[in-house]
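Residue strings, one per chain:
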Amino acid sequence: VVTRDYVEELLKEMWQYARDNEQLLQELRSQIEETEQKISVKQSERDRLLEYQNVGSKIQIQRIENLEKDIQEVKDELNRAKEHYSNALKSLKEEHARLVEKHAQSSHEQALENAVRYLDKFSCREIEENEWLKEEVKMCQKEVNDLKASVQLLEEENVGLVTKLIEGRLQNLRV
């Protein structure tokens, strides 16, 4: 004996089964479309690579050779610039040392002349001038330290600028 509820339940199950199959069919269709799109993309990529293999690789080889020549030129230019900046730094350090020595010598001579001039007349000022000379020496030492620090900063800045220049050149060559 088949009851109405049993028939309705069977119909609901069949309807659910048909709906599930329809949804599964739609999912399969979307997967097929995605796969076809992937195949299309891969096919176009394959065609592009084949074209590159036949034509573009020769052009790229030419470009690579040109870039290697440019890199070598940049390296040579870098070595020349390095040598130039090294020589400039050396001469700057020598000039700096000479100026510091000259300034120290003139300060020392001037202080000595002042001390000798007033030694006999003003014996009480001898101590004050000695203190002044000590302060002058400290100021000169401070100036020397400041000049050394500025030379160091200039040296680092020059190295940084040369490095940036070379990196920029290399990036331009890569582009």
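Worth saying up front: this structure is predicted, and the values here are computed from it rather than measured. (Residues numbered from 1 in each chain as written. Predicted model: local features only at pLDDT ≥ 70, side-chain atom pairs only at ≥ 80, totals over all residues. Heavy atoms only, no water.)

Engineer: Explain the environment of V162 to me, please; I cannot follow it from the model alone.
Structural biologist: Topologically, V162 is positioned in helix α2 (residues 126–174). Judged by relative accessible area, V162 falls into the buried class, the value being 13%. On a C-alpha basis, the gap between V162 and K93 in space is 19 Å, while along the polypeptide they are 69 residues apart. Here V162 is in contact with L78 and Y85, once residues within four sequence places are set aside. (Helix = DSSP H or I, 4+ residues; strand = E, 2+ residues; numbered from the N terminus. Buried < 20%, exposed > 50% of the residue type's maximum accessible area, 1.4 Å probe, protein only. Contact = heavy atoms within 4.5 Å.)

Engineer: Would you explain the side chain of H96 in this entry?
Structural biologist: Examined against the element boundaries, H96 turns out to sit in helix α1 (residues 4–119). Those residues within four positions of H96 in sequence are excluded, and the remaining contacts are V144, L147, K148 and V151.

Engineer: Honestly, the pattern of salt bridges in this entry has me stumped. Any pointers?
Structural biologist: Two side chains bearing opposite charge may form a pair once their charged atoms approach each other closely. Under the counting rule described, the total for this entry stands at 4 salt bridges. Note that E8 and R4 form a salt bridge whose closest N and O atoms lie 3.3 Å from each other. Of this pair, E8 and R4 both sit in helix α1, 4 residues apart, which is roughly one turn of the helix. Residue class for E8 comes out partly exposed when judged on its relative accessible area of 35%. On the basis of relative accessibility, which here comes to 66%, the residue R4 falls in the exposed class. (Salt bridge = Lys/Arg side-chain N within 4 Å of Asp/Glu carboxyl O.)

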